[in-house]
Amino acid sequence: MKKSKYVFYVLLVPVLLWLITLIVLPHIELFLSSFRFETDEGEKIISLANYMAFFSDEIYWRTFLNTAVYSISITFLAFLVTFPVAFYISKVVAKKYSSFLTLLLLIPIWIGELVTIYGWMILLGDNGVINNFLISIGLIDTPIEMLYTDFSMTIGLLYMSMLFMIVPIVSTLESLDDSLIEAASDLGASKWTIFTKIIIPHSMPGITSGGIIVFMLVIGDYVAPNLLGGKSSLWFTEQIYNKFLATFNWNEGAAFGFLLLILSSAIIWLALRASGQKLERVGS
Amino acid sequence: MKKIVLVSAAALMLTSGALMAQETLRLLTWKGYAPKALVEKFEKQTGIKVKITYSNNEEMIAKLRATRGGGFDLAQPSQDRISFVQKEFPIYKKIDFTKVNTGQLITSMVDAVKKNSAVNGNAYAVPFCYGTTGMIVNKKYAPNANDWSDLWNPEYAGKISYRLKRPLLIATAFGMGEDPFALYGDKKAYRELMKRVEKKLIDNKKLVKTYWTSGDMQVALMKSGDVYVESGWDGKGWSLHKDNADIDFIAPKSGALGWIDTFAIPAKAKNIDAAYKWINFMLEPKNAAFFTNDQGYGTASKDAGEYLNQEIKDNFSRSFSKADIDNIKWHPPVPAGFEKIEAKVLDRIKAAK
C-alpha cells in the first residue's frame, strides 16, 4: 500500500510540473497584467478598465458576438456533415476497413492547418481550379467570387475541425449494440424513430464532446479567418493579436484573452444546460 | 548508478561545449534581407554561423519586448519604429559607431537615422536599406492610375487591393490632400484627421477586392490579374515588371512614402562582435549591391552604385522623376500613443460591412 502511494506521487510530479510551469504560471502573469492600465497621462494604475473597454466599445463585443455565432453554426454544420460519415465507418462498412478509413481521415491533420488552407486558396481563387473548371465546361462565364468571402472561411474552419467531431462520434457509435436496432425494427419502429430514439441518444456523449472541441477550436482559431476570410471577417482572436502586436497594449490583450476564455466557457455551459447534458458523462 | 549519471552529464557538457565553439549570429530580419549567397560568403569568411528568423516590424517589437531584448544578436526594425519603443521598453543597446565602418555609408542617411532613432542623445540604429511604398499598377487595365486617390477610384471597382496597416492611413491622408506628418506634434488634430481617413476608407470599402497581408500576396494578386491597382513596395513592383511589362511600380503624385530599414542591436545580445561584423559585411559595396540587385531596394552603402545592374538603375528612373524624388515623404519617428489611435481606426474599417 505504502509503495503504491509512493509511485503515485512520483508519477504525479511531471504532471504537476507540466501544469504549473507551462499553464498556470503564464496565466497568472497574464491575469495580473489584464488589470494593469495606463491612463492618458501615462500613470499606471490597477483597474478594470481593460475589461470595460470590451463592453463600452461596440466594435469589440460585436466582433465577439459575430465570432460566437459563426463558431456555433460551424459546430452544427460539422455535426451535420460528419454524422453520416461516422455512422458509415462504425456501422455500415466491414470492421476491417473501418480503422483504415479512420486513418485516412487523419491525413489532413498530418499536413497541418496552414498547408491545407493554402490548398483551399488554390482551389477557390478567381483563377483557381474550381472556377477554371466551371468556365471550361461552359457552366459560367465569369468567375464566381469564392475566396476571401465568408464562404471560403466557413469551408476552411469546417475542414480543419471535422475530424475532431468524427472521432468521438465513431467511438460512441461503436459501443452501440446492433441488436438494439434490430429489436426496434422487429417491433415495427420506423427508420426515423430508430434514429431519433436509439442512435442519437446513445451517441450523445460523443456528439457533445465533439461539439465542445470543435467549438473551442473554431472560436480560438486565427489562421483560417485571417487567410481565407474576406475583407470584413474580423475574428475575435485577430483583435487579441492586434492588441499584442499592432498597438503593444498587452494589458488589454490579456484582458480580452480572459474574456474569450470566460465567454466561450459560458456558452458551452449554457449549451450543456439547454441540452440536458452533463460534463461528467461527456468524458466517459 | 552514480557513475552513469556522471558520465552522461560529462557527455552532455562536451557536446554542448562543441556546439558553443561554433560561433553563431542570431539575426531577426525581414524576408529577403539576408540572401543565401551572402550568408554563405559571411560564414566562410568569419566562421560564424548565421541563424535567421523572419519577421516584420510589429512582430520584432513584440518578440524583443517579450524577452526584454534577448534571444537575438541583431534585429532590423524600420527607423521610425525605434525611439518610441526604446523610450518605454529598453529593448535595444546603443550603437557604438567606432565599430561601424561609417566610411562606406551615405553620410546623410547615417545622420538621419541617428537623429530619428535617438533616445537621450544615444543613437540606436545604423541604416541598411531604403525604399518607398507607392502603387503597383497594371497599365493595360488602369493606364491613368497615378495617385493614392486612385485607391478609391470607382473606375477600378473590385480590382483594388491594399494592406490594412498604418502606411495605408498615412497614404490615404496624403491622397486626400492632407499632410499627416505635419500633425505628428498635435495628437488631437491627428485624431480628427484619422476620423476623416476612416470615413473615406469605409465609404469606399465596396471597391476593394481584398486586403493583402504579405509581400507574397501582393505579388500573387497582381500576377493572377485579380487586381489592377494596389498599394505596394517598389521592389515588389519592379520584380513584377520583369515578368509582365504592363505591371509597374508608380510613385503616387501626392508623394510616395519613404522608409529606411536599419540594424539595431537587442539589449541582451550575446554575440555583439558578430553583429557588428555582419553590419559591416552587409554594407560593403559589393555585398550591398548584390542585395540591391537581388531585392530591388536601395542601399545605404555609398559606393554600391558601380556594381548595380543596369536594370536596377532603369527601374528607378522609370518610376521616379526628379519631382517624384523631391516629393518622397520620409516617415518621421512615430510619436508614442499614435498607434493606439490608428489601431482602433483599422479595426473599425475591417469590421465595417
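Nothing here was measured: the structure is a model prediction, and the numbers come from that model. Within each chain, residues carry numbers counting from 1 in the order of the written sequence. Chains carry letters from A onward and ligands carry numbers from 1 onward, assigned in written order. This being a predicted model, a pLDDT of at least 70 is required before a residue's local features are given, and a value of 80 or more before pairs of side-chain atoms are given or counted; all residues contribute to the totals for chains, interfaces and linings.

Caption draft 1: Structural context of the overall build of chain A. Runs of H or I in DSSP of at least four residues are treated as helices and runs of E of at least two as strands, each being numbered from the N terminus. Helices and strands together make up the secondary structure of chain A, namely 13 helices and two strands. Taking the principal axes of the C-alpha coordinates as reference, chain A spans close to 75 × 75 × 35 Å. Residues with at least 20 neighbouring C-beta atoms inside 10 Å of their own are called buried, those with 12 or fewer are called exposed, and the rest are partly exposed, where every C-beta is derived from the backbone. Residues counted as buried form 31% of the 284 residues belonging to chain A. Contact between two residues is assigned when their C-beta atoms, built from the backbone, lie within 7 Å. The long-range fraction of contacts in chain A, counting pairs at least 24 apart against all pairs at least 6 apart in sequence, stands at 68%.

Caption draft 2: Local environment of the domain arrangement of chain A. Residues and elements named next belong to chain A. Throughout, the edges of the domains are those of an automatic or database domain assignment. In terms of domain boundaries, chain A breaks down into domain 1 (14–47) and domain 2 (56–283). Computed over C-alpha atoms, the centres of domain 1 and domain 2 are 31 Å apart. Facing six residues of domain 1, the contacting portion of domain 2 comprises six residues. Class assignment for the residues of the side of domain 1 that touches domain 2 results in three nonpolar, two polar and one charged. In this classification, the charged set is Asp, Glu, Lys and Arg, the nonpolar set is Ala, Val, Leu, Ile, Met, Phe, Trp, Tyr, Cys and Pro, and all remaining amino acids, among them Gly, are polar.

Caption draft 3: Just the interface of chain A and chain B, in detail. On the side of chain B, 20 residues touch chain A, which itself brings 19 residues to the contact. Elements with a minimum of two residues in the side of chain A that touches chain B: helix 3 (58–92) and helix 11 (236–245) of chain A. In terms of residue count, helix 11 of chain A provides more of the side of chain A that touches chain B than any other element does, four residues in total. Class assignment for the residues of the side of chain A that touches chain B results in seven nonpolar, nine polar and three charged.

Caption draft 4: Summary view of the nonpolar core. Leu74(B), Ala125(B), Val229(B), Ala275(B) and Trp278(B) are the most contacted members of the largest nonpolar core, which has 105 residues in total. Considering every element that reaches this core, the biggest residue donor is strand 5 (residues 126–138) of chain B, with seven residues. For this entry, the nonpolar core is defined as buried Ala, Val, Leu, Ile, Met, Phe, Trp, Tyr and Cys residues connected by C-beta atoms within 7 Å. Judged by nonpolar contacts, the second largest core, of 31 residues, contains Met162(A), Phe164(A), Ile212(A) and Ala224(A).

Caption draft 5: The sheet that holds strand 3 (residues 74–75) of chain B, seen in detail. All names here are of chain B. The three strands are arranged 2-1-3 in an open sheet whose pairing can be described as parallel. The open sheet terminates on both sides in strands that have one partner only, identified here as strand 2 (49–54) and strand 3. Being paired, for any two strands, means DSSP has found at least two bridges between them. Where strand 1 (residues 24–29) meets strand 2, six bridges bridge the pair, whose relative direction is parallel. The residue bridging Leu 28 from the neighbouring strand is Thr 53, located in strand 2.

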